[in-house]
Amino acid sequence: MHQKFIMTQPLVSVVIPNYNYGRFLSKTIESVLAQTYGNIEIIVVDDGSTDNSKELLRAFAAQIKVIRQKNQKVSRARNNGATESRGELIAFLDADDVWLPEKIEKQIKLFRKDPEIGLVHCGVVDIDIDGNPLAEHLDGMEGWVAHDMIRYRRSVILGGGSGVVVRRDLFEKVGGFDERLRVGEDWEFYFQVARFGKVGFVNEVLMKYRIHTNNSFANNPESVKRMDEDMMIAYEKIFSEPDDELRKIKNECYGRIHTVIAGSYFRIGDYRQFMHHALKALNYSPATITQFAGFPLRLIKRRLASMSASEQKKTA
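Here the structure is a predicted model, which means the values were calculated and not measured.

What counts and what doesn't
Residues numbered from 1 in each chain as written. Predicted model: local features only at pLDDT ≥ 70, side-chain atom pairs only at ≥ 80, totals over all residues. Heavy atoms only, no water. Helix = DSSP H or I, 4+ residues; strand = E, 2+ residues; numbered from the N terminus. Expected span 1.5 Å × (residues − 1). Buried < 20%, exposed > 50% of the residue type's maximum accessible area, 1.4 Å probe, protein only. Axes fitted to C-alpha atoms, helices over the stretch in contact; angles between N-to-C directions. Parallel < 35°, antiparallel > 145°, perpendicular 65-115°, else oblique. Left-handed = near helix turned anticlockwise from the far one by under 90°. Contact = heavy atoms within 4.5 Å. Core = buried A, V, L, I, M, F, W, Y, C linked by side-chain atoms within 4.5 Å. Arc of directions from axis to C-beta. Salt bridge = Lys/Arg side-chain N within 4 Å of Asp/Glu carboxyl O. Polar contact = N/O pair within 3.5 Å; in protein donor to acceptor, adjacent residues only side chain to side chain. Nonpolar A, V, L, I, M, F, W, Y, C, P; charged D, E, K, R; others polar. Phe/Tyr/Trp six-rings, centres within 6.5 Å; stacked < 30°, edge-to-face > 60°.

Draft legend 1. Just helix α3 (residues 73-84), in detail. In this model, α3 (twelve residues) spans 17 Å end to end at C-alpha, consistent with the 16 Å of a helix rising 1.5 Å per residue. For α3, the complete set of buried residues consists of S75, A77, R78, N79, G81 and A82.

Draft legend 2. Highlighting the packing of helix α7 (residues 185-194) against helix α8 (residues 221-239). It is the contact of α7 with α8, at a shortest axis distance of 10 Å, that shows an interaxial angle of 15°. In terms of orientation, α7 and α8 fall into the roughly parallel class. Where α7 crosses over α8, the handedness of that crossing is right-handed. For the pair α7 and α8, contact is made by W187, E188, F191 and Q192 and by M231, A234, Y235, K237 and I238, respectively.

Draft legend 3. Representation of the nonpolar core in the model. Counting residues in hydrophobic clusters, the biggest one holds 52 residues, and the most contacted among them are F92, M149, I150, F189 and Y235. Each residue touching I150, except ones within four places of it in the same chain, is listed here: W187, F191, Y235, I238, F239, L246, I249 and C253. The next biggest cluster of nonpolar side chains, apart from the first, holds 33 residues, and it includes I16, L57, L89 and V124.

Draft legend 4. Quick peek at helix α11 (residues 271-284). Here α11 spans 20 Å end to end across 14 residues, near enough to the 20 Å set by a 1.5 Å rise per residue. Every buried residue belonging to α11 is among Q273, F274, H277, A278 and A281, and all of these are buried. Angular distribution of buried residues about the axis of α11 spans 135°; they occupy a single face of the element. Of the exposed residues in α11, the ones pointing more than 90 degrees away from its buried face are R272, L279 and N283.

Draft legend 5. Spotlight on the pattern of salt bridges. Per the stated rule, a full pass over the model turns up 21 salt bridges. The partner of D178 in a salt bridge is K237, with the nearest N and O atoms 3.2 Å apart. Placement of D178 in the loop between α6 (168-174) and α7 and of K237 in helix α8 is noted, with a sequence separation of 59 residues between them. Residue classification places D178 among the buried positions, given a relative accessible area of 9%. Residues D244 and R247 are paired through a salt bridge, measuring 2.8 Å at the closest nitrogen-oxygen approach. Of this pair, D244 and R247 are both found in helix α9 (residues 244-248), three residues apart, which corresponds to roughly one turn of the helix. Exposure remark for D244: the relative accessible area of 54% places this residue in the exposed category. Classification of R247 as partly exposed rests on a relative accessible area of 48%. Among the ionic contacts, a cluster of salt bridges with common partners joins D178, R180, E188 and K237.

Draft legend 6. Spatial organisation of the environment of H137. Position of H137 among the secondary structure elements: in strand β7 (residues 133-137). On the accessibility criterion, H137 (29% relative accessible area) is partly exposed. Distance from H137 to V125, taken between C-alpha atoms, is 6.1 Å for residues twelve residues apart in sequence. Within the structure, H137 has its side chain in polar contact with the side chain of D126 (distance 2.7 Å).

Draft legend 7. Main features of the packing of α8 against helix α10 (residues 250-267). Where α8 contacts α10, the two axes come as close as 10 Å, and the packing angle between them is 175°. Relative to α10, the element α8 lies roughly antiparallel. Here V224, K225, M227, D228, M231, M232, Y235, E236 and F239 of α8 lie close against α10, whose contacting residues are K250, C253, Y254, I257, H258, I261, S264 and Y265. Looking at side-chain class alone, the contact of α8 with α10 contains eleven nonpolar, two polar and four charged residues.

Draft legend 8. Structural view of the packing of aromatic side chains. Going through the model one piece at a time under the given rule, you end up with 18 aromatic pairs. Relative to F189, the ring of F92 lies with its centre 6.4 Å away and its plane at 85°, an arrangement referred to as edge-to-face. Of this pair, F92 sits in strand β4 (residues 89-92) while F189 sits in helix α7, and the two are 97 residues apart along the sequence. Accessibility classification places F92 together with F189 in one group, the buried group. Between F177 and F189, the aromatic rings sit 4.3 Å apart at their centres with planes inclined by 35°, giving tilted as the arrangement.

Draft legend 9. A look at the side chain of D230. One can find D230 in helix α8. D230 gets classed as buried once you look at its relative accessible area, which sits at 1%. Within the structure, the side chain of D230 is placed 2.9 Å from the backbone nitrogen of V183, a separation counted as a polar contact. In contact with D230, not counting residues within four places along its chain, are R180, L181, R182 and V183.

Following this line, the structure appears as structure tokens:
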């Protein structure tokens, strides 16, 4: 039986991990102070910043609590902030992102509406480094979505580390963020929460996710390697649970994640690792063959484009 959770005007603890994001930090904090929901505490965990973050935080001294730690990465910062917080609900906000004023108020309404909800997320708009809008995302899911997450076929919970509000009892039940993970730590944490509580979704843009070089992984070889390592750790952890329903879909899920990782290696031109994960995917789930059918043609096109560019340089 799933625990019921009833609240009236709960305290929301907002945990902001920060590492050298002084150029964005003031706007991030101001977006929390501008929330239409009033019962909020703000905890900034400075993860060993060496920029001007310390000076910027002084301007908010009367309105926030600051925790300083040696650089221990984002999962430790989030966990330490949550441990020091007092709220029945915990919201996470990365120091380079921004909330719209009604975000928390509208998410709280869903918690009140359904006491089985354990986590609420919302629609997102990507912004560039200067705050200009890019793409909107409103394709989030709600309900019992854990199996949709582990199948890794579509967006489920939006907003990365900045879009969710989660019940404290479930944060503690799953042990917070897995501090071994450097990539996908928020995805793994949300999956664990989604096993024990329903997910709610506010189908409108309530946060801005900033895209810049420090958080872009797609064409970064080191980031792809970290994703490979960390997703394998996460999947091993998840499928070690004594859950018969999960076991039934294990091969499908492993086939899918190896397909995703193979595609990432293909994009950065590491064809040896691409083949390694493609074969793993096919071994777990032969149906993934359809996913790889177009890769030889894509490789030929890539090689031709490279040759053409090389010839143009020679004749220039």
